[in-house]
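Spelled out from the first residue to the last, the chains are:
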Amino acid sequence: MTTVDFDPGAAATRATDAILADTLHGTERGVVVDSPPGAGKSTLVVRAALELAGAGRPLMVVAQTNAQVDDLVLRLAEKDPDLPVGRLHSSDTDAYDKALDALPGVRTSARAGDLGGLPVVLSTAAKWAHVKVDEPWRHAIVDEAYQMRSDSLLAVAGLFERALFVGDPGQLDPFSTVGGDQWAGLSYDPSASAVTTLLAHNPGLPQHRLPVSWRLPASAAPLVSAAFYPYTPFRSGTGHGERRLAFAVPSDGSGPDRVIDEAAESGWGLLELPARHTPRTDPEAVRAVAAVVRRLLDRGGAAFSERAETPAPLTADRVAVGTAHRDQAAAVRAALAELGVVGVTVDTANRLQGREYDVTVVLHPLSGRPDATAFHLETGRLCVLASRHRHACIVVCRAGVSCLLDEYPSTEPVQLGTLVKFPDGWEANHAVLAHLAEHRVPYQP
Amino acid sequence: MDKAALAGALGAPSDYGQSQFALIRGNTFEARVKADGGAELLRLTHTLLDPAAEPPAGAAVPDLSAPGPEGRTARTALALREAVTAGGWTLLDHPMLALDVAGSPAFLEPDAVVVHPDGGWTVVEIKSFPMLDGSADPAKVGAAARQAAVYVLALEAVAARLSPPPAVRHEVLLVCPKDFSNLATARAVDVRAQRAVTARQLARLTRVETIAEELPEGTCFDPERPAGELTAAVDAVPATYAPECLSSCELAFHCRERSRAADAVTRLGRPLRAELGSLGTVQEVLSAARGESGDPADPVVAALRRAAALRAEALAEAADREAVPCP
Amino acid sequence: MSLIATLARLEAVATGRAQPAATVRHRHLSDRPLVFVPLTTAGETGAPLGALVGTDRDAPRLLVVPQPRDRDQRFAFLAELADIVLPHLDSCAEAVETAERTDTDPETGKRVKVEVDLCVDAPQIVVPSRAGLDLVRLLGRSMRFRRTAEQEPETPYPAPPRVPLLGRWLTHYGERSRVPGSSLLLALTDVLSRHWATGQSMVEDQHLGALLAWIDPPEGESGAEAAARAERARDAAGQLLCPPAGPATDPAFDNKLLAPAIERYDRVRTALATAEDAPRAEDLLTALTAAEREIRDLVESRTRPTWDAVWRGLDLLRTLPEGGHVEERWTRDRWSFTAHRDRITAGEPPQPRRDDAVTAANKLAGREREQARLEAQEALDDPLVMAARRLAGEAFAGEVTEVVMAYSEGRRPSPRPLVTVRTEDRPHLGERAKVYRSLNGRAQTAEFAGYEGAPEDGVLVLRIMDKMGRGKEPEAGSVPEKGDAVCFTLFEHEQRGGAKLPDPEQTPWTHGGPPGEPVPEIPDAVTEEDVL
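Residues numbered from 1 in each chain as written. Chains lettered and ligands numbered in written order. Predicted model: local features only at pLDDT ≥ 70, side-chain atom pairs only at ≥ 80, totals over all residues. Heavy atoms only, no water.

Novice: Whenever I open this one, the domain arrangement of chain B confuses me. Can you help?
Specialist: Accessible area lost when the parts come together is the quantity often used to give the size of an interface. Here the domain parsing of chain B yields domain 1 (20-204) and domain 2 (275-327). If you average the C-alpha positions of domain 1 of chain B and of domain 2 of chain B, the two centres end up 55 Å apart. (Domains from an automatic or database assignment.)

Below is the structure:
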């Protein structure tokens, strides 16, 4: 091990420099960057965009959702308020974040023609697909490229000559509402990820990896890396002890308080409810999640980190709850409202992609389930839920999930010619559970 | 344990026989692939997995026959070691490998193992389902990959005893008939994921021993025993029947009968249980839906009643509509 | 699975009969479907053993391949199949009506309306189960690249004249059946289980005999008993009473009946080939006919029960009234049929082995659109389907309790009436969410303006946005009135077209670049085992 020699800052800088060199001065048409959770993907996108624009090379930016586009516009404007930026949006109502209207450098329009000549124009892949140009852009940045479908890239690839593709291969894969098995294994399988297709046709493209997660603490990076990125490991940017959670109010000895203390100490906590088959919106588990959040806020938490000399108070906006299903999120929101908690983000894994909090409370996707479907075993879902936190992650779960997994031995079909990038969902679930078991707090509500 | 014979004796035979047409065709295909000292098989391995190595001409095909599975296992281990020392290409036709499963050895017989000139080992799986225009039935490929992963683990145990340990390749060679013909075609299949899963399953398999310990003393699965006694013996083993079992287990029909007798909802499909919480039988669910039992504050019960009401409303609406003669 | 569907299955268990899963028929049924009940040989890819095929339920045509590994016999089977199927397809190719289609003008690049032919009806093919669909695709694939002697005089084993053409049609039908809601090629088990919920699992529903046993059990028997019999009961000789619907056969049939019969046939044939005198040859010929007869009888005995079951299933489906949007979807099938007819007439080559990048992406997008269309239309056509959407919070039904007239701001105010609806449903409505209701077959949009009181009270206010005419006052009947029963959906009723993809010649570098000049696909290699 090279723990002693490893300088995360230097490693990350080396990676970023190489990426920017390939992007600005390389000869290949594409550059691919894999970014594990919290490795500074958005920072990289913004920096690459600014450097390209600064070099007088106009570019288009493709992201997958309106929220992602708006977020990038805000970050660009924050870094360089004077840079003229175009936000191309759909003609629906509420097509973009109204906060953009207050930014002097940002011009918004539903028509690409209105934004001609601007150094940077950003939009979603869906909107770009409707744009026609006579002259393609010389540069593009494609963000969240692993969440983009191959057919979506096909629709926009004619708009640019070369591009930087950035994304996290460990998050949820794109999906289709109808079967596309007949194209599985084809290099251009339309429901595969854009990066898979790109690399299948252009295997010589430079591929980079951001090696350091600045978000995940030293307690989380090894587990997330081993369970979800076994073949492309990464490190935490901070060492053990650099991040710390402290609470002004001591534990009252209850399950929620004990699991909070365990998580503050070790970075992980498992609040284990008695084994029982429950509906998705398991009222006891939902109440337990809400109780943990309530106590997190009530106990006067302080987050010590490398970011600042003084600890940051653990406020509602620094806490999030993650679930697998929308109805579970709705039930948690209702339970939180009953406890008078406001300002805590509660969302599904899909919607938490790319977000970051100090502490997350996760309702385990398999908690109380009588069965384990492919949906619940999907590695990306668990990976998203287990990698949103800077300090600690508390998982609420019914006992018996490992036995449930044993009853559902992995029998995933294999398509010839497709790339294996990740461990099986079954295996990843077991790996995470085995780790959580060491931080278990039994709880009888 | 011969589960098919056991199922027959229980009075619930499975339809698991194999057609002799398929059997003959499968054997013919394997023989063809391995003909001429495995020339075609080695050519495929070279082209797909190790193109940088020297072409395989005159590969060694050691005799692996020995008395008993233990003897054959030992003979295979020896042949593997010799092949590594000798260098060049070696084809092991039907080697025998042992794998520790919950404390007792299980003997495995892969179709073939190829030793590369660099000393690395590749598992070869020969299957009779076709690769049509380069793609094959994903369920069957998945099963083949899981099977190959077990062989990889067993080979790794052999390799670990050598010094230096040779590399067991995590890409296996899957050989199938091409399109509609009986010509061989092959693809490399990455079994790292299946290998990791199998390794964990084996580590967790101590549960088999636990199950054995919990069985009543004297429990015996000999198909020659009277049916009543057998049923009692089999029923002593906990099993969770689900419809998917029908395609993979010889005892599925027997388990299905048990599941029916217990009125279990899972026999209608696993996903069905997802929203039923702790309600496990058909009677429990229906009576909760009809408002005859269950706590209305329980979200499962509430949802069931809501579903039952909506269903009744829709059926009544449809009945009304039919009652009106068409204009 | 929706809880409503779950309840239906459980009630089927309790009552011993399948329960409705739909109140209308959601698929088109032709007056004259072509039913195809094929069997294949185990172990060989797509090697037919025989089939019953035809449009007359009382007079199916029996096709048999006495020795499935004999290429000539296989070709003879396919030629016979072509002689039955192609005339059926042709029967719809002639009668056309004129229809309008929007096309891109090749010169100006503009979208223009053009008048084209549309076949007034399209031929429908019905197979027993999903495995039958796969075989149709496989047969299509195995035939369409074959060469006839006419196309290529030098070809070593020329196919009979119409076999490649049949391959192209079966390929088209096989592809079309992947489009959600299409009805050109139907697997009966899929259609039946769409309309009835049985007391068994979806896996078991794939068995046509067991499925019918639940839907229409014989007098005095429960669905469960009848299904168990259909699935497992064997005669004294160990043969299934209800043979599997194929194309795979029961191994016991293969091993105990078919294999010995084929062996006898082979023996006589070999002897005949080496027979030295005429009387001996005469005897052998009689024996050969008898041996062939025996195989034909065996194949018929395994296909006829399925043939009858398919027609019985079709009868059951016809008892349901057709759903309101079924005809509209069938028109899409007619377009699909007409387009393929035109491609063949225009002399285009057979469908390639694999789709190119643009074709694959276009097909996927089209199917996703059709899936969304199907889900919306089935809900609008069928209260039982809508009930599941309501339960899922994707729609709500209720009574209008108040209507307040309001207008949009701006120079020319338009009506934006506020409609208060009381509902027992719990729709997942976000702020300013759009909802839709069907108004004379068109979707009227409303915007969710908020709850009156607590959300649990179920009183919500909607702002009607469109379909009220151009005047200041809404047209009569365009705004719901107090006391009206209304049903709004959160999903759209019509599907928007997707983005236009580049032409295949413009395939970008990310997807391999332009494919270049098309090369004709070469026929499959011939291997020695095909020839005995």
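Past the structure itself, the notes keep going.
Novice: Would you take a moment to explain the sheet that holds strand E11 (residues 244-247) of chain A for this structure?
Specialist: Remark on secondary structure: sheet strands pair via backbone hydrogen bonds, oriented parallel or antiparallel. Residues and elements named next belong to chain A. If you walk across this open sheet you meet the three strands as E11-E13-E14, and the pairing is antiparallel. Each edge of the sheet is formed by a strand with only one pairing partner; in this case those strands are E11 and strand E14 (312-313). Looking at chain direction, strand E13 (residues 301-304) and E14 are connected through two bridges and run antiparallel. Residue pairing for E14: Ala302 is matched across the bridge by Pro313. (Pairing = 2+ DSSP bridges. Helix = DSSP H or I, 4+ residues; strand = E, 2+ residues; numbered from the N terminus.)

Novice: What's the story with the side chain of Thr197(A) in this structure? I'm lost.
Specialist: The topology assignment puts Thr197(A) in helix H6 (residues 194-201). Only 2.8 Å separates the side chain of Thr197(A) from the side chain of Ser150(A), close enough to count as a polar contact. With residues up to four places along the chain from it excluded, the contact list for Thr197(A) reads Ser150(A), Ser187(A), Tyr188(A), Asp189(A), Thr510(C) and His511(C). (Polar contact = N/O pair within 3.5 Å; in protein donor to acceptor, adjacent residues only side chain to side chain. Contact = heavy atoms within 4.5 Å.)

Novice: I'm lost on the interface of chain C and chain B in this one. Help?
Specialist: Taken residue by residue, the interface counts 53 residues in chain C and 53 residues in chain B. Counting the surface lost from both chain C and chain B, the interface buries some 4800 Å², and carbon and sulfur atoms represent 61% of this. Ranking the residues of chain C by area buried against chain B places Leu3(C), Leu10(C) and Arg232(C) at the top, with a combined share of 14%. At the boundary of chain C and chain B, one finds eight salt bridges. Between Glu44(C) and Arg25(B) there is a salt bridge whose closest N-O contact spans 3.5 Å. Here chain C is connected to chain B by 13 residue pairs in polar contact (both at pLDDT 80 or more). For the side of chain C that touches chain B, the secondary-structure elements that each account for two or more residues are helix H1 (3-15), strand E1 (19-20), helix H3 (130-144), helix H7 (223-232), helix H8 (251-273) and helix H12 (383-391) of chain C. (Buried area = accessible area lost by both parts, 1.4 Å probe. Salt bridge = Lys/Arg side-chain N within 4 Å of Asp/Glu carboxyl O.)

Novice: Would you mind showing me how to read the pattern of salt bridges here?
Specialist: Oppositely charged side chains can pair when the atoms bearing their charge come close. Tallied over the entire structure, the rule returns 84 salt bridges over all chains. Taking the shortest distance from any N to any O, the salt bridge between Glu44(C) and Arg69(C) comes out at 3.9 Å. Here the residue Glu44(C) occupies a position in the loop between strand E2 (34-40) and strand E3 (48-54), and Arg69(C) occupies one in the loop between strand E4 (61-64) and helix H2 (71-93), the gap between them amounting to 25 residues. With a relative accessible area of 12%, Glu44(C) lands in the buried category. A residue is classified by how much of its surface remains accessible, and Arg69(C), at 33% relative accessible area, is partly exposed. Arg229(C) serves as the salt-bridge partner of Glu221(C), at 2.8 Å between the closest nitrogen and oxygen. The exposure class of Glu221(C) is partly exposed, given its relative accessible area of 23%. Salt bridges sharing common partners tie together Arg215(A), Arg243(A), Glu306(A), Arg307(A), Arg318(A), Glu356(A), Asp358(A) and Arg390(A). (Buried < 20%, exposed > 50% of the residue type's maximum accessible area, 1.4 Å probe, protein only.)

Novice: Is there a simple way to think about helix H9 (residues 283-298) of chain A in this case?
Specialist: Side chains that are three or four residues apart share a direction in an α-helix, a result of its 3.6 residues per turn. Residues and elements named next belong to chain A. With 16 residues, H9 extends 22 Å between its outermost C-alpha atoms, agreeing within 8% with the 22 Å of an ideal straight helix rising 1.5 Å per residue. Those residues of H9 lying buried are Ala285, Val286, Ala288, Val289, Ala290, Val292, Val293, Leu296 and Leu297. Two residues or fewer after H9 comes Gly300, characterised by a positive phi angle close to 60°. (Expected span 1.5 Å × (residues − 1).)

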